[in-house]
Structure formats: structure tokens, C-alpha cells
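Structure assessment
The lines below spell out each chain.
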Amino acid sequence: KKMLQWAATHHRLMGTTQPLLSAVSASASASVSGSGGGVCGVVGVGAAATAFSSSASRGGAMMMMMGAHHPTRALHTTTHLRVSVARSTALVTAWPMHTILHHKRSYTAASSPSPSVKDSLVDEFGRGHNYLRISITERCNLRCQYCMPEEGVSLTPNDKLLTKDEIVRIARLFVKSGVDKIRFTGGEPTVRKDLEELLREVNDLRSLGLQTIAMTTNGIVLPRKLPALKAAGLDVLNISLDTLVPEKFEEVTRRKGFDKVMEGIKLAAAGGFKAVKVNCVVMREFNLDEIIDFVLLTEHLPIEVRFIELMPFDGNSWNDTKFVSYNEMIKKIKTHPRLASLHRTEDPGPNETAKTWAVPEFAGRVGFITSMSEHFCGSCNRLRITADGNLKVCLFGSSEVSLRDAMRSGYATDEELERIVNGAVKRKKAHHGGMYDMYEIAQNKNRPMILIGG
């Protein structure tokens, strides 16, 4: 019954084009009706149909079902069902198939981590982690609804936050272990007074193998800080913007500043960065009607607009009525005559989080972060450090370990820190912090996004 309820919800939210509910129902019925024999058949889900087989023994049956909305993403809407029959009662439990199989892209990444990544950054699923996100402040000059509770958050005292030297030490440790990309987040990283000095010191780690220094920002102060940030070593910019309507900008951020953000995006696009991306969290009844306008931004600006599925975090009032899936976004964009030629482009690499699309002759492109509807956990290469110094191996998991406390104890050598990191990485779950879907994530106790680092 629980499985059928999940299937019905999935059918509604994810835009499944074939009847998943009837397929699951028929499969379960076939399995539980067997008693000592075997059944096999075909289940069609989304754009793919895959054979499954089951065998029943002493009233029990094991069944595997796979399906995908995209032929290269064979784990979308996949489930491992275990049907136990006892006294004519069927109990259905679901496990993510990530514990059994890898889809095409994830399998390549998981089985072949970069040779430069040390074993200390490789988890039990074979995923090598070469991307570190470091939150350098919990403070922000905006109050975005999906990031911070309306009542605000209790900020960590300054003496409990990582110092510049501690951040550089952590960055050096991870780069020596194989990290080649570091992203600074917040809060809003540009409110940190020593940001430029921090960038310069981390930039010196390029001789150890660091290739990319990125930053996620709300863009409010970019018009006056952009040249200095680039000179300090910044390569890649992600600028958060959820609406192109000034009044709605003020509504979602609870602050003014739309014109400054737009100015910052245009300056960054012309500023010679490796990449400039605009992050847009799509929310029904707020900005779904604007996604076409966002795509049209890429006609003349060499940027990537990234549409992000709304994710549940503490205090952001997440519910599925606000949620808009990747498939629904694509369908809406293609209704515009000038965007009907939007097409999928080749993913830049095995660890890329965005599914990228482009319109011919447009200067930029669009990407979709499908963390909820088609997750990419199987190829995850990211680790996070919170502003108060905790290592967080998964965005959605609540498990953390303090590197700050270890460093401040006075006895932790870099080798000891590496052992602590390795222990945390080896405990990383297959996906979503060990949780099944976005509903379970919504019920899990986790930090608000502003205290994690965007």
C-alpha cells in the first residue's frame, strides 16, 4: 500500500508519461501470488521498459524493477521491491536501487575516480570527491524565503567560526588529497571582510593541483567588488536570482537590490570569467511563469541559467504544491515559439550536476539541477565545510564532524585531520543522506540552508 501511494504521488509530481501505478500493482500481485514458482515480465516506466524477474520461495518473493525518463539515466524512478508473504499478507518495502546498480553516467564516475584523488576522499561506493564547498560566513544581506526562516536564525558567535588561517589550512589539506575545485559560499560570502585576502591565499594552492576557485553570491555588491575578486583568483561565479520582476525580488528576498544584481550579472558576463551562472530556484505560484524570460536572457548573454528544483530544508516551508519538476519545466519552456528548438547538450563531465540544454544561435545555455526528481547522487563528488568548521559529506544528511574542534585541540596534525575526513567520507550514504525521497527529507532534522552553505 505504501509503495502504491508513492507511485501515485510520483506519477503526479514527476510527469511520468506511462502508468507506473498499474505497473507496480500488477507486478506486486504477480509476485505475491506465486508460491514456490517464479514469475517474470516487463514493467514500463517513463521512456524505458526493463525486464524484471522474481522468484518465490516459502511464501517470499524478490523482485527488481527499473525504469528511466531518459535512456542514460536508468535509475530514475527505480525501486527494489521485497515482497514477503505471510498468512496471506503482503508487506512491501522499498530500497533505492543505488545500493544495487549504477546508471550509465554514475557507474563510470563511481568505478573510476580521478587518479589524483587519494583514498581518503573515496567513499564505500567508489565515488572520489574532488570538489569542496566551504561556507565562510553565516551572515547574509538578504533573507531569501527558501534559504532562511522568516524569523531569522541564531548565528554562531564569531569565535566559533573558522578563521581565515583555518580555512586555508583545510583547503590545503583537501587539495593535497585531490580536490581540484573549491567553491566559497555562505551566507553571503562577500560580506566577509577578508574575502579578497582569503582568495589570494587559496589561489596560491594552484601549484598543488587546484584548478578552479568559484563563489556563489547574491550579487548585491558585485558591481563594486568584481574586479578585485577576479584579480584575487576567482574563476567562476554563480549568482542567485529567482525573479526578473523587481517587486517579486523584494518579496522573496525580503530586501531591495534587484537592479544591483542585474548590473552585477552583466558585468560578470563581460568580465572574462571561466563561467558565469545564474541560479534560479523554481517555485510554483511564484516564478514558474518567468522561466521563459530567464531562458531568453541567454540569447545575448554568455551565461548559464540554472533552474533548481525546490529542496526541503529547515524553515523554508517546503511542500509539494510549490515543487516543479524538471520535466514540467522543459515542457513549459518549449511552448514558446522561439524556444521550441531547445535541445539537450552533452554533459561536460561525469560529475556534472546540471542537465544542460541550449537554443541554437543563443550566446548562453540553460541547466537543470534535478536533485529531487532525477537525482545525481551516484556520481556525487562534493563535500562541504560549514562556517563553524563541520565537515558535511551530504547536503541532505544531518551527520557532521567538527574539523574546527580537532584543529583547535592543539594536537591534530594534518595526518590526523585526514583520518577524520576519511572516516566521515567512508560513512557517506548512497543518496540523499540515506533517505528515500523528498518527503522523508522534509521530515528530517537538518540545518537551514543559510547555515549549511549554498
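Scroll up a little and you will see the structure.
First, a word on scope: everything that follows refers to the structure included in this document.

1. A few points about the packing of aromatic side chains
According to the stated counting rule, one finds four aromatic pairs in the structure shown. Judged by centre distance (6.0 Å) and plane angle (65 degrees), the ring pair of Phe249 and Phe258 falls under edge-to-face. Aromatic pair Phe307 and Phe368: ring centres 5.5 Å apart, planes at 35 degrees, arrangement tilted. Of the two residues, Phe307 is situated in strand β11 (residues 304-309) and Phe368 in strand β14 (residues 365-369); the sequence distance between them amounts to 61 residues. Across the pair, exposure class does not vary: Phe307 and Phe368 are buried alike. One aromatic cluster in this structure is built from Phe294, Phe307, Tyr326 and Phe368. Geometry around Phe273 places Lys230 over its ring, the cationic atom sitting 5.8 Å from the centre. Over the aromatic face of Tyr326 sits the side chain of Lys355, whose NZ or CZ is 5.5 Å from the ring centroid.

2. Structural notes on the nonpolar core
Most often, soluble globular proteins keep nonpolar side chains buried together rather than apart. Counting 83 residues, the largest nonpolar core has Phe174, Ile182, Phe184, Val202, Phe307 and Leu391 as its most contacted members. At seven residues, the largest contribution of residues to this core is made by helix α4 (residues 164-176). Other than its neighbours up to four places away in sequence, Phe174 contacts Leu121, Leu132, Val179, Leu383, Ile385, Leu391, Leu403 and Val421. Val281, Met283, Ile308 and Ala354 belong to the second-largest nonpolar core, a separate cluster that totals eight residues.

3. Points about the sheet that holds strand β13 (residues 354-358)
Read across the sheet, 12 strands follow the order β12-β13-β14-β11-β10-β9-β8-β7-β6-β15-β16-β17 without closing on themselves; strand pairing throughout is mixed. Looking at strand neighbours, the two that pair on one side only are β12 (343-344) and β17 (401-402), the edges of this open sheet. Strand contacts of helix α8 (residues 258-269): β9 (236-240) and β10 (275-282), with the helix running at about 160 degrees to β9, the strand carrying the most contacts.

4. Regarding unusual backbone geometry
Here the amide bond leading from Gly186 into Gly187 is cis, since omega sits at 20 degrees, within 30 degrees of zero. Mapped onto the elements of the fold, Gly187 is located in the loop between β7 (181-185) and α5 (195-203). Unusually for a residue other than glycine, Glu285 sits at a positive phi of about 70 degrees. By relative accessible area, which is 76% here, Glu285 ends up exposed. Positioned with a positive phi, Glu361 is a non-glycine residue whose angle comes to about 80 degrees.

5. Brief notes about helix α7 (residues 246-253)
Residues of α7 that are buried: Lys248, Phe249, Val252 and Thr253. Along the axis of α7, the buried positions cluster into a sector of 120 degrees, meaning they face one direction only. The secondary structure elements touched by the buried residues of α7 are α8. Of the residues one or two after α7, Arg254 is the one with positive phi, at around 60 degrees.

6. Re the environment of Ala275
Inspection of the secondary structure assignment puts Ala275 in strand β10. As for Ala275 and Ala214, which are separated by 61 residues in sequence, their C-alpha atoms are 9.2 Å apart.

7. Considerations on the packing of helix α6 (residues 222-231) against α8
In the contact formed by α6 and α8, the axes pass within 9 Å of each other and the chain directions differ by 30 degrees. Between α6 and α8, the angle falls in the class roughly parallel. Here α6 contributes Leu222, Pro223 and Leu226 to the contact with α8, which in turn contributes Lys260, Glu263, Gly264, Leu267 and Ala268. Looking at side-chain class alone, the contact of α6 with α8 contains five nonpolar, one polar and two charged residues.

About the cut-offs
Residues numbered from 1 in each chain as written. Predicted model: local features only at pLDDT ≥ 70, side-chain atom pairs only at ≥ 80, totals over all residues. Heavy atoms only, no water. Phe/Tyr/Trp six-rings, centres within 6.5 Å; stacked < 30°, edge-to-face > 60°. Helix = DSSP H or I, 4+ residues; strand = E, 2+ residues; numbered from the N terminus. Buried < 20%, exposed > 50% of the residue type's maximum accessible area, 1.4 Å probe, protein only. Lys NZ or Arg CZ within 6 Å of the ring centre and 35° of its normal. Core = buried A, V, L, I, M, F, W, Y, C linked by side-chain atoms within 4.5 Å. Contact = heavy atoms within 4.5 Å. Pairing = 2+ DSSP bridges. Axes fitted to C-alpha atoms, helices over the stretch in contact; angles between N-to-C directions. Arc of directions from axis to C-beta. Parallel < 35°, antiparallel > 145°, perpendicular 65-115°, else oblique. Nonpolar A, V, L, I, M, F, W, Y, C, P; charged D, E, K, R; others polar.

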